[in-house]
Amino acid sequence: MVFHSICTIFAVMNLVRRWGVWIRRVHRCRGFGIQSPTDYSFVRYVINEHWPYYAYDQLNGDDWLTSKLGRLYFRLANWRQPSTMIQDEYQRYWQAGCIETNFVPIINKVELARVLVEDYDGWEALLSKCDQKSVIVVEGIWRDWERWHKLEADEKTGVTFDLYYCGIVFFDKNRFKQNYIINF
């Protein structure tokens, strides 16, 4: 009985926190205020796309955050169409977005990759393999804001998107460096 009550309290606290994040970022929904047509299109049609995709029914069954991030990763793979990616726990989402993607333990060039914000070595290893077209998703940025802000400010990164639960980093230096906060 006590265990059930504690679980209920944590579930309510988690729901309140999610709503608090959403309310603080509500004015940043769906690309509002983004002047770049490229960035607006990316936010509108990749990050915050609300139409149900063909594979969403097959990708159900995870907790709410895994499902939310997994659907984003599905849309990113669908948008970027990477030929090679590093194997990871979200592989079924990446693969559903791009069937042609080969998953390998080590890559030579980053097209699309995911790294945890706490994984300093993983970030450095990926960074050395990035070019103008590379995209890296940094998961869990809310757990280490200081680290995320260092990644945003890094001279090697370009446009970044702060989605609270993850960050997306582009490396195209031909574009003006910009850090967006998005309600995701």
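Cut-offs and rules
- Numbers given to residues run from 1 along each chain, matching the order in which its sequence is written.
- Two thresholds apply to this predicted model, a pLDDT of at least 70 for residue-level local features and 80 or more for giving and counting side-chain atom pairs, whereas whole-chain, interface and lining totals are computed over all residues.
- In computing side-chain properties, one takes all heavy atoms of the structure into account and sets aside hydrogens as well as water.
- In this scheme, strands are said to pair when DSSP sees at least two bridges between them.
- In this description a helix means any DSSP run of H or I spanning at least four residues, a strand means any run of E spanning at least two, and both kinds are numbered starting from the N terminus.
- Only C-alpha atoms enter the line fits that serve as axes; for helices the fit covers just the stretch in contact. Angles between N-to-C directions range over 0 to 180 degrees.
- Each residue is placed in one exposure class: buried if its accessible area under a 1.4 Å probe, protein chains only, is under 20% of its type's maximum, exposed if it is over 50%, and partly exposed if it falls in between.
- The contact criterion used throughout is that any non-hydrogen atoms of two residues lie within 4.5 Å.

Participant: So what's going on with the sheet that holds strand β4 (residues 135-139)? Residues and values would help.
Facilitator: In space, the five strands of this open sheet follow the order β3-β4-β6-β5-β7, with mixed pairing throughout. Every interior strand has two partners, whereas the edge strands, β3 (112-116) and β7 (179-181), have only one. Geometrically, the sheet is characterised by an average inter-axis angle of 20° between neighbouring strands, direction not taken into account. Sheet topology places strand β5 (residues 160-162) next to strand β6 (residues 166-170); three bridges connect them, and they run antiparallel.

Participant: Account for the side chain of Asp88, naming residues and giving values.
Facilitator: Looking at the element boundaries, Asp88 is found in the loop between β1 (84-86) and α4 (91-97). Classification of Asp88 as buried rests on a relative accessible area of 18%. Ignoring sequence-local partners within four residues, the contact set of Asp88 consists of Trp94 and Arg114.

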